[in-house]
There are 2 protein chains.
Amino acid sequence: MSTNAPASARDEQRALLADRLARTRARMEKMGVDAAIVRSTDRFLNEYVPEDESARVWLTGFTGSMGDALVTAEEAFLFVDGRYWIQADAQVDLDLWTVVKVRLGTGLDQALIDQLVAFGQERTKKLRVGFEPDRLTPRVLDRLKEATTAASASATWKPLFPSPVEAARGSERPAPKDPEIRALDESKVGPTVPEKLVVLEGLLNACGAEALLVQRLDEIMWLTNLRGRELPHQATFKCIALATPERILVGIDPSKVPGSVRRAREGVLFMPEAELWTMVGRKAKRRRVAFDPANNTVQARGQLEKVGAQLIEVDAPLQPVRAKKSVSELRVMKAAFARADAVVEGVIAWVCAEVEKGERLTEASLAEAVEARFRESGALDLSFRVISAAGKNAAQIHYGEPNPRRVLKVGDLVLLDTGAYFEEGYATDLTRTFLVGGPKRSATDEQKRIYTLVLKAAIAGMRAVLPEGAKGVQLDALVRAPMWAEGLDYNHGTGHGVGINVHEFPPRVGPSSQTPLEIGHVFSIEPGYYKPSFGGVRIENLCTVVPGPKGFIRVEPLTFSPLDARLIDTRMLSSDEKSFLARYQRRPASPARAVKKGRTPTKRPATAKKAARRPRA
Amino acid sequence: MSTNAPASARDEQRALLADRLARTRARMEKMGVDAAIVRSTDRFLNEYVPEDESARVWLTGFTGSMGDALVTAEEAFLFVDGRYWIQADAQVDLDLWTVVKVRLGTGLDQALIDQLVAFGQERTKKLRVGFEPDRLTPRVLDRLKEATTAASASATWKPLFPSPVEAARGSERPAPKDPEIRALDESKVGPTVPEKLVVLEGLLNACGAEALLVQRLDEIMWLTNLRGRELPHQATFKCIALATPERILVGIDPSKVPGSVRRAREGVLFMPEAELWTMVGRKAKRRRVAFDPANNTVQARGQLEKVGAQLIEVDAPLQPVRAKKSVSELRVMKAAFARADAVVEGVIAWVCAEVEKGERLTEASLAEAVEARFRESGALDLSFRVISAAGKNAAQIHYGEPNPRRVLKVGDLVLLDTGAYFEEGYATDLTRTFLVGGPKRSATDEQKRIYTLVLKAAIAGMRAVLPEGAKGVQLDALVRAPMWAEGLDYNHGTGHGVGINVHEFPPRVGPSSQTPLEIGHVFSIEPGYYKPSFGGVRIENLCTVVPGPKGFIRVEPLTFSPLDARLIDTRMLSSDEKSFLARYQRRPASPARAVKKGRTPTKRPATAKKAARRPRA
C-alpha cells in the first residue's frame, strides 16, 4: 500500500488486501493444496504485465514488475530482487506478508525453491503444491520438482486453472482493451512474412517438425510483421501462434483484427484460440509440433497433448534468427534511436537551462518532460518507465519512482534512463548522466573522476574488436577493465539485446555470457557506478556488431546523444580514447540538432548519415 | 626415422620398425582384439616420458612428447597435434603409418574416437578394442565408450596388461635408473608433511573417505616434500601413493630410498607397491578410498576393487590446494625464477655480442649455451627442451628441434623459451624474443610494431586488476585486447599454472577457462604472434595473484629478465604502459646483474628484494 495515502484510505486498502488473501486461502483449501505459487507474469509470459491485470498485484498490493508469491494456510511470502526490496516493504502489509529479499545471483525461482524445501522438510505429510499451468513453463516446473525432490522435500504438484487467486478475484478485472493491431509496411521493415516462412521451414525441417508453437509475443510480432498497443511498454498484442511453413495461425478473437491488417498479411490467418487447437488436432496422422519447454507454458503443452499432437522439444529456435537484425530492421532502428537521441539531448539542454534560470524542476517533472517530448516526437509509448534519479538517488540501479519532491539543483548529477516505441515498434534505450546547470558550471573532481572512468568503460565497449565467435563474457571484461584497474565495478550486466522488446536475448554481455556475439546483433553497453554516499553514473548506448579485420568482429555504436563534456577529465583518457570521443561527439545526435546548427552533415560515415536522416513524423 | 641418418641406417631402422609392428599385430591376434590403443603416456601419467621407455616411441619411431597410436590388422594410425605434424611425417614410415593431423581444438582423444567410430560403422561384427589399463584413466575410457556407443559403432573393450606392444617388446627396455630421491628442507619449503596431512584430513572428511589414492607424481612430491631425478624435465620419481590423515604410504622399491630421506620424513612410509595394495585390503571393514577417475588409472581402480576397497569418486581434491602456493613456496620459486632470469639475460647478451663480433652461432649452439649456463647456475635439469627459433622458424609455436645449421644473423629475431629445475624442484619458464646484434643495431618497423603489440598484451596481463572470483577467460580477454584491436591474435592459451611441473592446472588463462584465479596461484602470461612470412614473437613471464583493492585481486609479475628495448616502439604505449615498463625494466633481473653493475638494489619493493637475493648455490 502506498505510504503517501491518508491513514483512512490505507486502513481500507489494508482490509481489502487481507480479505483477498483470506478468500484465496479458502479457494486453496477447496482445491486441496497446502501451498500455491502466484507468478508475476501473465499467460503471455510478459515482462511488463499491466498492474490492473496482474493477479499478484491484486493479491499483494505490490506493483513492481517482478516478484512472485507463495501462499500457505498460515504464511504468505513475496520474493523480490534488489530493485524492489524497499518498494515491497512499503507496499505490502507486513503483518500478512513476509518479504523475501533475494540477492543478485540467487534468482527468484531459487528463493521459491528454498522456501518449498523448507516447508517440505518440516512436514510429515507430502506437501501439495498448486501452480498456474498457464503462467509456468515446463522448464521452471521441472526445476521446481527436481530441486524439491533432490532435497527430499517431496511434494505433489497440482495445476490449478483458474488459479485460487483468479478464482477468488472473480470478475474484479479490467475490461479488455482494443489491441490496436497494425501491419508494418514490409517494403520498409523486412524480411517479409513469406521470407520468414522460408527460414521457418528450414528450422522445422532441422528438427523434423511440421509446426512451431510460439507464445513469446515479440516473436509473434517478428514473425508476422504486426504490432499492437495492448500492453504497457510493449509494441505487442495478446495472442498465441502456430507457425507452419505455409502460414502463421494467430489465435485471437478475429473481431479485434482490422480488415486492413487482415488484407495486408496473406501469410497470416487469424482465428479464435480454441479453433487453433482444433486445427492442430484435425490432421489424420499425429502432427509433429515443435515445443520449447522454456518459452511455452505447461498449459499449452497440455492443449497440444489433448488434441493428439506429437511434441518435439526444441531450444528457442527463433531466438538466434530474430537476434540478427536485417538491413531494413537496422535502418528503422537507427532512425528510432536518432529520434530518442534528440529527445534526450533536448530535454537535458532544457533542464540545465531552466534550473540555471532558477526554475523549480523535480525528478518527476523531468520524467514527465521526457515522456511529453517522446510523444511530440512521434513515440507511441515508452519502452519502460523513465528512470530519473538525482544525486544520491542514482545509487539505486533501478530507481523506479521519480520523486515529485526531489528538486534538481545546480551541481546535481542526474541519471536519466529512457526509451520509447515509434511506429515500427522497435524499442529504444539510452542512459545519460549529466550535471545540472548552465554550460559554465563545473563538476567536482570526484564527479569528473567517476564519470570519466565510466566513460572509459563505455568507450572500451563501443570500439571493441574481438575475434569471430567471441562471447559476451569477453566483451564484458574489456568494458569493465578500465574500472577494475581502479578497483571499481558495477553489480549488473554490461548489456542486453534490444529489439521489439527492450530486453531480448541473445545477446547478453555479462560475466557469465557464453553465447557468441554475431554480426547484426543490437545490444546495450551500459557500464555504471553506484555508491550510496555519492549517487550514480551510468552511460548506456546501443551498439551493433559489424565485420572487423579478417577473422574479427567490431562493435559500432548506434546512439549518439552527446556526452556531458563538463564531466570528462580528458587527462584520464588515452590518445585513442580521446580521438574516439572527438569523433563520437562530432556526430550530430539527431537531425534536429544538425538542422538547428545550420550544418550540413557531411563527411560522416554512411551509418551516421542514415541515423541522422530525418525520420518520417 | 631421422632424415639426417645415412641411407643404410635408415633402411635398417625401417626394417626394425616394420618388424616391431608385425610382432605387435601377432600379439593382438593372440589376445583376440581387432584394434589396440597405444598411449604416449606411461603408468605414471607423465607429460614427459623418456624416449627409451616409451612404448609408443618403440613402436612408431616418433619421439614427440605427445601422440597416441591405434593399430589394427591392416592399418596403423598416429594422432598428433599441430606441434608435431612435420616431425611425425619425418620420423614414421609412411608406408606403414597414417599420420592423423589433429587440429587445435579437436583433441587427440576426439580424433581417436572418430577413427574408432569409422571402424565400428564399417564392420558388421562388433569391434574388439584392446586398451592399456595402466595408462588410461576411467574418465577417458568412459568417454571412448560413450562416444562410440552414441555413434552406433558398438565395441567391446578389453584391458590388455601387458599391452600387445609391451608383450612384443619383451626385454627391449632400458635398465632402471636411480631415482635420486631427496628430501627438501621443510623449514625452507613448507607446509610440512604433518601440516599437509591436516589439510588432507579435511578433504577426506568432506567426501567421507579414509584415504586418497594419488597417482600424479607432482602431487605425491607436493604431499611428501620429496623430489627425484628419475624422469626427464621433472623433479619427480616413479611411485604411487595412498594418503591417509596419519601418514602417506608411498609404493616404491624401498631399497631405492636413501636412509637419510626415510629418516627425514616421519609421516611418509615407503613400501613395495604390492604391499600397499595388501595394506588397503587388510582392514576388517571395507575401507573407503577416494578415487579420482580423471587422475587415476583403470588399473589402479581394479587393484582397489580387488582388495575390497569401497571407492568414493572425487574430483581432483588436491589440485586447488596445491595450486595456491604457500609463502615459503613462493619464496623458493621466486629465487629460482631470478636465477633463470639471469641465465636468459646473460645468454642473450653473449649471443648478441658474439654475433656482432662475427662469431658463428646457430639455433642449436644457443640452446646448448642455455643448458650449460643453467647447469653452471645450479640447475639439476631443464623443465622442457629449449625452444630456440630464429627468423621464420619462430612462426612454429613449439619449435622442437633447434637447427645446428641455422646460423644466427644480425637483425634476426630469435624466440628463446626456456626453463629449469633447481634444488627445490619447482619449474621455471620464461620466453624472450630478441634482436640479434649489438646494442646499436636497430630493428625494422615491422619487428618493432609486432613486438610492441605483443608487449602491450603482456603488460595488460602483468598489471591486470580483476574482481575476486574472476576466471581465466576474463584475464585472457584483457591480455588479448591490445592485439585484437589491431586484428591480431594467437592460436594458443594465454597461460598455464606452474609448480613442481612446468604445466599444472588450475589455473588456466584461456578463452574457455572457467576456473577462478586465486591468491597464490602462479602461472604464465605468454601472448605471442606467429606468421610464416615473418616469424614469431612471444613474451612469457610468470606471475602470481595478490590481493588488490577491496573486493579485487591483482596480477603481479615474478620474472624480470629485461625486455629488448630496441624492439619497443614507445609511441605505441600509453602513459600507464610506459610507466609500468620503466618500473619493470629497472628491476634487476638477477642478483648477478645488480652486482655486476655495482648497484645496491635499494628502494625496490620487498618482493623484488627477495627475488634478487643471491640464492644458495
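Note that the structure is predicted; figures quoted are calculated from it, not measured. (Residues numbered from 1 in each chain as written. Chains lettered and ligands numbered in written order. Predicted model: local features only at pLDDT ≥ 70, side-chain atom pairs only at ≥ 80, totals over all residues. Heavy atoms only, no water.)

### Remarks on the overall build of chain A
(1) Moving on: Check the secondary structure of chain A and you find 19 helices and 27 strands.
(2) Moving on: When contacts within chain A are restricted to residue pairs at least 6 apart in sequence, those whose partners lie at least 24 apart make up 69%.
(3) Moving on: Per element, the accessible surface of chain A, about 25500 Å² overall, is 52% carbon and sulfur.
(4) Moving on: Averaged over its 91 positive side-chain charges, chain A has a centre that lies 5 Å from the centre of its 77 negative ones. (Helix = DSSP H or I, 4+ residues; strand = E, 2+ residues; numbered from the N terminus. Contact = heavy atoms within 4.5 Å. Areas by Shrake-Rupley, 256 points an atom, 1.4 Å probe, with all protein chains shown as cover. Lys, Arg positive; Asp, Glu negative; His and termini not counted. Charge placed at Lys NZ, Arg CZ, Asp CG, Glu CD.)

### Quick word on the confidence of the model for chain A
Residues and elements named next belong to chain A.
(1) Moving on: Per-residue pLDDT for chain A has a mean of 92; in total, 94% of the residues score no lower than 70.
(2) Moving on: Here residues 589-617 scores under 50 on pLDDT; set against residues more than four positions off or in separate chains, the count is 42 contacts.
(3) Moving on: Among the scores for the predicted complex, ipTM is 0.87 and pTM is 0.90. (pLDDT = per-residue confidence, 0-100.)

### Looking at the nonpolar core
(1) Moving on: Leu466 and Leu475 of chain A together with Leu466 and Leu475 of chain B are the most contacted members of the largest nonpolar core, which totals 104 residues.
(2) Moving on: Those residues in contact with Leu475 of chain B that lie beyond four places of it in its chain are Gly461, Ala464, Leu466, Val509, Leu517, Phe523, Ile525 and Val555 of chain B. (Core = buried A, V, L, I, M, F, W, Y, C linked by side-chain atoms within 4.5 Å. Buried < 20%, exposed > 50% of the residue type's maximum accessible area, 1.4 Å probe, protein only.)

### Remarks on the interface of chain A and chain B
(1) Moving on: In this complex, chain A contributes 19 residues to the contact, which on the side of chain B involves 19 residues.
(2) Moving on: Summed over both partners, the interface of chain A with chain B comes to about 1500 Å²; 71% of that surface belongs to carbon and sulfur atoms.
(3) Moving on: At the junction of chain A with chain B, the criterion picks out zero salt bridges.
(4) Moving on: Across the chain A-chain B interface, the total number found is zero residue pairs in polar contact (both at pLDDT 80 or more).
(5) Moving on: Of all the secondary structure elements, the ones that give two or more residues to the side of chain A that touches chain B are β20 (465-467) and α16 (472-484) of chain A. (Buried area = accessible area lost by both parts, 1.4 Å probe. Salt bridge = Lys/Arg side-chain N within 4 Å of Asp/Glu carboxyl O. Polar contact = N/O pair within 3.5 Å; in protein donor to acceptor, adjacent residues only side chain to side chain.)

### Quick word on helix α4 (residues 108-122) of chain B
(1) Moving on: Relative to the 21 Å expected for 15 residues at 1.5 Å per residue, α4 of chain B spans 21 Å between its end C-alpha atoms, a close match to the ideal helical length.
(2) Moving on: Listing the buried residues of α4 of chain B in full gives Leu108, Asp109, Ala111, Leu112, Ile113, Gln115, Leu116, Val117, Phe119 and Gly120 of chain B. (Expected span 1.5 Å × (residues − 1).)

### What about the sheet that holds strand β10 (residues 240-243) of chain B?
Residues and elements named next belong to chain B.
(1) Moving on: Judged by pairing direction, the sheet is mixed, and its six strands sit side by side in the order β12-β11-β10-β8-β13-β14 without closing on themselves. Strand pairing shows two members of the sheet lacking a second neighbour, β12 (268-271) and β14 (310-313), which therefore form its edges. Strand-to-strand twist in this sheet, taken as the mean axis angle between neighbours without regard to direction, amounts to 25°.
(2) Moving on: Strand direction decides the pairing type here: strand β11 (residues 248-251) and β12, joined by four bridges, are parallel. Bridge pairing in β12 links Leu249 to Leu269.
(3) Moving on: Against the sheet, helix α7 (residues 193-207) engages β8 (211-214), β10, β11, β12, β13 (288-291) and β14, with an angle of about 110° to β8. (Pairing = 2+ DSSP bridges. Axes fitted to C-alpha atoms, helices over the stretch in contact; angles between N-to-C directions.)

### Let's talk about the relation of the copies chain A and chain B
(1) Moving on: Once turned by 179° and shifted 0.0 Å along the axis, chain A lies on chain B with an RMSD of 0.1 Å. Viewed as a symmetry operation, the transformation between the two copies matches a two-fold axis.
(2) Moving on: Most of the interface of chain A is mirrored in chain B: 100% of its interface residues are interface residues there too. (Least-squares fit on C-alpha atoms with pLDDT ≥ 70 in both.)

### Considerations on the pairing of strand β2 (residues 68-72) of chain A
All names here are of chain A.
(1) Moving on: β2 sits mainly inside the fold: five of its five residues count as buried.
(2) Moving on: Where strand β1 (residues 35-38) and β2 come together, four bridges link them in antiparallel fashion. Along β2, the bridge assignment pairs Ala35 with Thr72.
(3) Moving on: Two strands pair when backbone bridges link them, and β2 and strand β3 (residues 76-81) are joined in this way by four bridges, in the antiparallel orientation. Across the sheet, the residue bridging to Ala69 is Leu78, located in β3.
(4) Moving on: Counting the residues that bridge the hairpin from β2 to β3 gives three residues.

### Looking at the environment of Asp292 of chain B
Residues and elements named next belong to chain B.
(1) Moving on: Its place among the elements puts Asp292 in the loop between β13 and α11 (298-306).
(2) Moving on: Along the sequence, Asp292 and Leu212 sit 80 residues apart, while their C-alpha atoms lie 8.6 Å from each other.
(3) Moving on: Setting aside its immediate chain neighbours within four residues, Asp292 contacts Val314, Asp315, Ala316 and Pro317.
(4) Moving on: There is a polar contact of 2.8 Å between the side chain of Asp292 and the side chain of Asn295.

### Observations concerning helix α5 (residues 138-150) of chain A
Residues and elements named next belong to chain A.
(1) Moving on: Between the first and last C-alpha of α5 there are 18 Å, a value that for 13 residues agrees with the 18 Å anticipated at 1.5 Å per step.
(2) Moving on: Turning to α5, its buried residues are Pro138, Val140, Leu141, Leu144 and Thr148.
(3) Moving on: Elements in contact with the buried residues of α5: β1, α4 (108-122), β5 (127-131), β6 (155-159), β13 (288-291) and α11 (298-306).
(4) Moving on: Trailing α5 by a residue or two, Ser152 shows a phi angle of about 55°, which is positive.

### A word on the side chain of His233 of chain B
(1) Moving on: One can find His233 of chain B in the loop between β9 (226-227) and β10.
(2) Moving on: Of the polar contacts made by the side chain of His233 of chain B, one reaches the backbone oxygen of Leu382 of chain B; its length is 3.1 Å.

### Side note on the sheet that holds strand β8 (residues 211-214) of chain A
The strands making up a sheet are joined through hydrogen bonds of the backbone, oriented either antiparallel or parallel.
All names here are of chain A.
(1) Moving on: The sheet built from six strands is open, its strands ordered β12-β11-β10-β8-β13-β14 with mixed pairing. Of all strands in the sheet, those with a lone pairing partner are β12 (268-271) and β14 (310-313), marking the two edges. Recorded for the sheet is a direction-independent mean angle of 25° between the axes of neighbouring strands.
(2) Moving on: Strands β8, β10 (240-243), β11 (248-251), β12, β13 and β14 of the sheet are contacted by helix α7 (residues 193-207), whose axis makes an angle of about 110° with β8.

### Remarks on the packing of helix α13 (residues 327-357) of chain B against helix α14 (residues 363-376) of chain B
Angle between the axes and distance between the axes: these two values describe a pair of packed helices.
All names here are of chain B.
(1) Moving on: Orientation of α13 relative to α14, taken along the N-to-C sense of each, is 140°, at an axis distance of 10 Å. Here α13 is positioned oblique relative to α14, judged by the angle of their axes. Seen along the crossing, α13 lies across α14 with a hand that is right-handed. In this structure, α13 uses Ala340, Val343, Gly346, Val347, Trp350 and Val351 to contact α14, whose residues at the interface are Leu366, Ala369, Val370, Arg373 and Phe374.
(2) Moving on: The class makeup of the residues in the contact of α13 with α14 is nine nonpolar, one polar and one charged. (Parallel < 35°, antiparallel > 145°, perpendicular 65-115°, else oblique. Left-handed = near helix turned anticlockwise from the far one by under 90°. Nonpolar A, V, L, I, M, F, W, Y, C, P; charged D, E, K, R; others polar.)

### A short note on the packing of aromatic side chains
Residue and element names in this part refer to chain A.
(1) Moving on: According to the stated counting rule, one finds 14 aromatic pairs over all chains in the structure shown.
(2) Moving on: With a centroid separation of 5.8 Å and an interplanar angle of 65°, the aromatic rings of Phe77 and Phe119 are classed as edge-to-face. With Phe77 in strand β3 and Phe119 in helix α4, the pair connects residues that are 42 residues apart, well separated along the chain. Take Phe77 and Phe119: they sit in the same class, and that class is buried.
(3) Moving on: Relative to Phe534, the ring of Tyr529 lies with its centre 5.6 Å away and its plane at 75°, an arrangement referred to as edge-to-face. For the pair Tyr529 and Phe534, one class covers both residues: buried.
(4) Moving on: Chaining the aromatic ring pairs together yields one cluster made of Phe77, Phe79 and Phe119.
(5) Moving on: The residue whose ring lies beneath Arg508 is Phe505, and the NZ or CZ to ring-centre distance is 3.6 Å. (Phe/Tyr/Trp six-rings, centres within 6.5 Å; stacked < 30°, edge-to-face > 60°. Lys NZ or Arg CZ within 6 Å of the ring centre and 35° of its normal.)

### Examining the side chain of Asp81 of chain A
All names here are of chain A.
(1) Moving on: Position of Asp81 relative to the elements: it lies in strand β3.
(2) Moving on: According to the relative accessible area criterion, Asp81 is buried, its value standing at 18%.
(3) Moving on: Look past the residues within four positions of Asp81 in its chain and what remains in contact with it is Met66, Val102 and Leu108.

### Overview of the packing of helix α15 (residues 445-462) of chain A against α16 of chain A
Residue and element names in this part refer to chain A.
(1) Moving on: Packing of α15 against α16 brings their axes to within 7 Å, and their N-to-C directions diverge by 155°. Relative to α16, α15 is oriented roughly antiparallel. Judged by the twist between their axes, the crossing of α15 over α16 is right-handed. Here Leu453, Val454, Lys456, Ala457, Ala460 and Gly461 of α15 lie close against α16, whose contacting residues are Leu475, Leu478, Val479, Pro482 and Met483.

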